[in-house]
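Here's the letter readout for the chains.
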Amino acid sequence: MTKEVIDVKIQETILKSLYDNGINDKLIFEAKKMDVDLVRLFYEKIVLEKDLHKLKDNVDVITKSLLGIYGNYVVTSYFEALGYEVENEYPVYDENKKLLTKADLAFVDNNGVVNLCEVKTTSQIIDNIRNYKDDEEKKYNGKYYYDMDSDIIKYKEIGVKLIKQVTRLKKSGKKVLVVIFNGCFMDDIIKDKLSNLGVSVFTMAPNVKELEEQLRIMVTNVSNNLGIKNEERRK
């Protein structure tokens, strides 16, 4: 289905709001490499939405959908600050030149070794459901229902996908790193599986929940600038 063409002036307005609130060209480009058009995302979820309650829900939807991309952006910026040339969505081939997968990012370190990085911007990565850690903030927050079963399934699936992905990356013969953020709980089973595969875990300093909150503030500010408080749009 053909997507609606966005008016040039509206595109410019959205871009200006993104720039004004810390969503720069690098982050926009990072999103595009992961097949996410930020201008269109805000256009469809914010500009076209006139229901106030749905607008608030859409802020959460956008935040959650962009968290992984934002995490990749933060990690990329970190390694670039160290002087490395980073390539995002790095293609990985087997010995027969067949495309296996793409690494979130790759760089050559000071020893001339290619590092393939799989970034996980999440608060938990588990293999066994018994290792799930209750989210106390959700558990005791009466503002919304805490679906623990859904959380457990989500974090266990992240663990399954992580092991599958790093197994593919290791077939390249290159060094593989799993990058997580401070505050991310990874159970011992996942750690052992990574260790057995010869995969290192690197923990970044920002806390994952703080990272999500930073992103939520940026998304909220962009949404406000695009008219979430404009009474005329709700009539």
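You'll find the structure just up there.
Taken together, the side chains of Lys-161, Lys-164, Arg-168 and Lys-171 define a basic patch exposed on the protein surface. Position of Arg-168 among the secondary structure elements: in helix α6 (residues 148-170). What makes Arg-168 partly exposed here is its relative accessible area of 35%.

Secondary-structure assignment places Asn-72 in helix α4 (residues 52-81). Owing to a relative accessible area of 1%, Asn-72 belongs among the buried residues under this scheme. Expressed as a C-alpha distance, the spacing of Asn-72 and Ala-31, which sit 41 residues apart in the sequence, is 9.4 Å. Ignoring sequence-local partners within four residues, the contact set of Asn-72 consists of Glu-30, Met-34, Asp-104, Leu-105, Val-119 and Thr-121.

So, on to the pairing of strand β5 (residues 175-182). Among the 8 residues that make up β5, 6 are buried, leaving the element largely enclosed by the rest of the structure. Two strands pair when backbone bridges link them, and strand β3 (residues 114-119) and β5 are joined in this way by 5 bridges, in the parallel orientation. Bridge pairing links Leu-116 to Val-176 in β5. As defined by bridge partners, β5 adjoins strand β7 (residues 200-207) across 6 bridges and the pair is classed as parallel. When the bridges of β7 are listed, Phe-181 appears paired with Met-204.

About the criteria used
Residues numbered from 1 in each chain as written. Predicted model: local features only at pLDDT ≥ 70, side-chain atom pairs only at ≥ 80, totals over all residues. Heavy atoms only, no water. Patch = residues over 30% accessible without salt bridge, like charges linked within 9 Å, V, L, I, M, F, W, Y side chains within 5 Å. Areas by Shrake-Rupley, 256 points an atom, 1.4 Å probe, with all protein chains shown as cover. Salt bridge = Lys/Arg side-chain N within 4 Å of Asp/Glu carboxyl O. Lys, Arg positive; Asp, Glu negative; His and termini not counted. Charge placed at Lys NZ, Arg CZ, Asp CG, Glu CD. Helix = DSSP H or I, 4+ residues; strand = E, 2+ residues; numbered from the N terminus. Buried < 20%, exposed > 50% of the residue type's maximum accessible area, 1.4 Å probe, protein only. Contact = heavy atoms within 4.5 Å. Pairing = 2+ DSSP bridges.

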